[in-house]
Amino acid sequence: MKERGLAVITDSAPEPELQEPYGAILTPVAMAPCTSDVNTVYGTGSKKPDDLILGHECVARVVRVGKKVRDFAPGDLVAVPAITPDWRNPEIQEGNDRHAGRPFSGNALGRSIPGVFAEYFAVEDADTTLAKVPEGVSLQDALMCVDMVTTGFTGAEAAEIRFGDTVVVMGIGPVGLMAVQGAALLGAARILAVGTRPVCVKLAKEFGATEILDYKKGDLAKQVLEKTGGTGADAVIICGGNDEAMHQAIEMVRYGIGRVVNVKHYPGEGDIGIPKFSGGRGMAGKTVKLELCRGGRVRMERILRMVQYGRICPGKMITHQLSGFDRIADGLELMRQKPADLVKVMVTPDWRQV
Ligand code: NAP
Ligand code: ZN
């Protein structure tokens, strides 16, 4: 057992084992604590092992690979998707990648298997998981792709945005900002972004928001209905808010063809209700989807190409950079406190030159 100062939940851990023949051992080059890590540590989700190593957002260098790994070698710089589906599970063939076999099976790193906040960590299947960081893509941009971009884009894709749509993005933290960006890229005409922190509002406008709504200034559904002449939005992507968020989203989305996609985490017990009236007493023709972000190698390669060819610049969301592995806990605390000037934190470890 080697002392490695492992983040918040444990301060020592066994060396990760190379999972032969498809696995890889990696070492992080840049890491980002996430709101989801805050939920894991302080939230009310399923019980996690006491010695869980946290973390699921990193760009890393490959250290060792299993005998049957085809496309990766020691020294490669890779983006490690936060979601790592088990592509060998037969349910994948039915299109169930993120929950194949059991709920949240694809959401393993730092949740059900040791995460990336360690000097070394393991992935089970390098060829289906990792994506090489293309030449010219910055660490900051690549790091934001592994979870924030793919989650926000998952929201926009699941909302089936069409040219000319009016889209509401509830919450413009890093996830919502990338939902704004995704909706804009998919052809939304009008994007109403909901949030108050100036640093987020500025980026939301830069990434494609046409209007900003302040949830502190009265009923959000009413604000959207007023802005849309009573019709409502074509789609709502929920990336923030409280337990009322789903109720509000259903109220503000169009009858007949409106789509509500949730990627937000709801802490605690209870339920997130559907309003009887604006739910058309069960017949409103409104679609609701509850989505975990998409992962895997091809997904990540596609998103990295969006950076490489100048379509997106998600590294702009990194407002705080901390140096030294022991700063992970500080980074997590920043993500918990959400000071006014923060969107996202990047931590670079000090055990090797990057
Ligand atoms: P964040 O930085 O905390 O952003 C939350 C946003 O919600 C902020 O813009 C905040 O506005 C806004 N907000 C707060 N209260 C609101 C209200 N009552 N009504 C409307 N908006 C409100 O969070 P994040 O890091 O972007 O993460 C967003 C969510 O995604 C979290 O729940 C996280 O756990 C989840 N997540 C899900 C996945 C997935 O796979 N589905 C992956 C990663 C994260 P202010 O400007 O006023 O602060
Ligand atoms: Zn994350």
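The coordinates are above.
On a predicted model such as this, the values are computed, not experimentally measured, just so you know.

Cut-off values and rules
Residues numbered from 1 in each chain as written. Chains lettered and ligands numbered in written order. Predicted model: local features only at pLDDT ≥ 70, side-chain atom pairs only at ≥ 80, totals over all residues. Heavy atoms only, no water. Buried < 20%, exposed > 50% of the residue type's maximum accessible area, 1.4 Å probe, protein only. Helix = DSSP H or I, 4+ residues; strand = E, 2+ residues; numbered from the N terminus. Arc of directions from axis to C-beta. Phe/Tyr/Trp six-rings, centres within 6.5 Å; stacked < 30°, edge-to-face > 60°. Lys NZ or Arg CZ within 6 Å of the ring centre and 35° of its normal. Axes fitted to C-alpha atoms, helices over the stretch in contact; angles between N-to-C directions. Parallel < 35°, antiparallel > 145°, perpendicular 65-115°, else oblique. Left-handed = near helix turned anticlockwise from the far one by under 90°. Contact = heavy atoms within 4.5 Å. Nonpolar A, V, L, I, M, F, W, Y, C, P; charged D, E, K, R; others polar. Donors = N, O, S within 2.8 Å, 3.2 Å for Na, K, Ca; no water. Tetrahedral: all angles 85-135°; square planar, octahedral: opposite > 155°, others 65-115°. Pairing = 2+ DSSP bridges. Near = heavy atom within 4 Å. Polar contact = N/O pair within 3.5 Å; in protein donor to acceptor, adjacent residues only side chain to side chain. Areas by Shrake-Rupley, 256 points an atom, 1.4 Å probe, with all protein chains shown as cover.

Student: An account of helix H9 (residues 328-337) is needed here, citing residue identities and associated values.
Tutor: Counting along an α-helix, one turn takes 3.6 residues, and residues three or four places apart therefore face a common direction. For H9, the full list of buried residues reads Ile328, Gly331, Leu332, Leu334 and Met335. Looking down the long axis of H9, one finds its buried residues gathered within 155 degrees of arc, a one-sided arrangement. Two residues or fewer after H9 comes lysine 338, characterised by a positive phi angle close to 50 degrees.

Student: Describe the packing of aromatic side chains, with residues and values.
Tutor: The geometry of an aromatic ring pair comes down to the distance between the two centres and the angle between the two planes. Under the definition given, this model contains zero aromatic pairs. Above the face of the phenylalanine 72 ring, lysine 132 is positioned so that its terminal group lies 5.2 Å from the ring centre.

Student: An account of the packing of helix H3 (residues 139-158) against helix H4 (residues 174-186) is needed here, citing residue identities and associated values.
Tutor: For the pair H3 and H4, interaxial distance at closest approach is 7 Å and the crossing angle is 50 degrees. Judged by the inter-axis angle, H3 sits oblique to H4. Helix-helix and strand crossings are classified by hand; for H3 and H4 the assignment is right-handed. Listed contacts from H4 to Met148, Val149, Thr151, Gly152, Phe153, Ala156 and Glu157 of H3 are Pro174, Val175, Met178, Ala179, Gln181, Gly182, Ala183, Leu185 and Leu186. Residue classes in the contact of H3 with H4 are distributed as 11 nonpolar, four polar and one charged.

Student: How would you explain the coordination of the zinc ion (ligand 2) if you had to name every residue and give the values?
Tutor: Around the zinc ion (ligand 2), the protein contributes the donor atoms Cys34 (SG), His56 (NE2), Glu57 (OE) and Asp147 (OD), at 1.9 to 2.3 Å from the metal centre. Coordination at the zinc ion (ligand 2) is tetrahedral, judged from the four donor atoms that bind it and the angles of 93 to 129 degrees they form at the metal. All donors to the zinc ion (ligand 2) come from one chain, and their sequence spacing reads C-x21-H-E-x89-D. One end of the pair, glutamate 57, is in the loop between helix H1 (35-42) and strand E4 (58-65); the other, aspartate 147, is in helix H3, with 90 residues separating them in the sequence.

Student: Break down the sheet that holds strand E11 (residues 235-238) for me, with residues and values.
Tutor: Taken in spatial order, the six strands of this open sheet run E10-E9-E8-E11-E12-E13, and their pairing is parallel. Of all strands in the sheet, those bounded by a partner on one side alone are strand E10 (211-213) and strand E13 (287-290). For this sheet, the mean inter-axis angle between neighbouring strands, taken without regard to orientation, is 15 degrees. Direction of pairing for strand E8 (residues 166-170) relative to E11: parallel, over a ladder of four bridges. Bridge assignment links valine 168 to a residue of E11, and that residue is valine 236.

Student: Go over the site of ligand 1, please, and point to the residues and values.
Tutor: Within the structure, ligand 1 sits among 26 residues, and Thr35, Ile172, Thr196, Arg197 and Tyr215 are positioned closest to it. Here proline 174 contributes a backbone N or O atom positioned 3.2 Å from an oxygen atom of ligand 1. With respect to ligand 1, the backbone of valine 263 contributes an N or O atom lying 2.9 Å from a nitrogen atom. Within the complex, the protein chains bury 86% of what would otherwise be the 950 Å² of accessible surface of ligand 1. Secondary-structure elements contributing two or more residues to the shell around ligand 1 are H1, H3 and H4.

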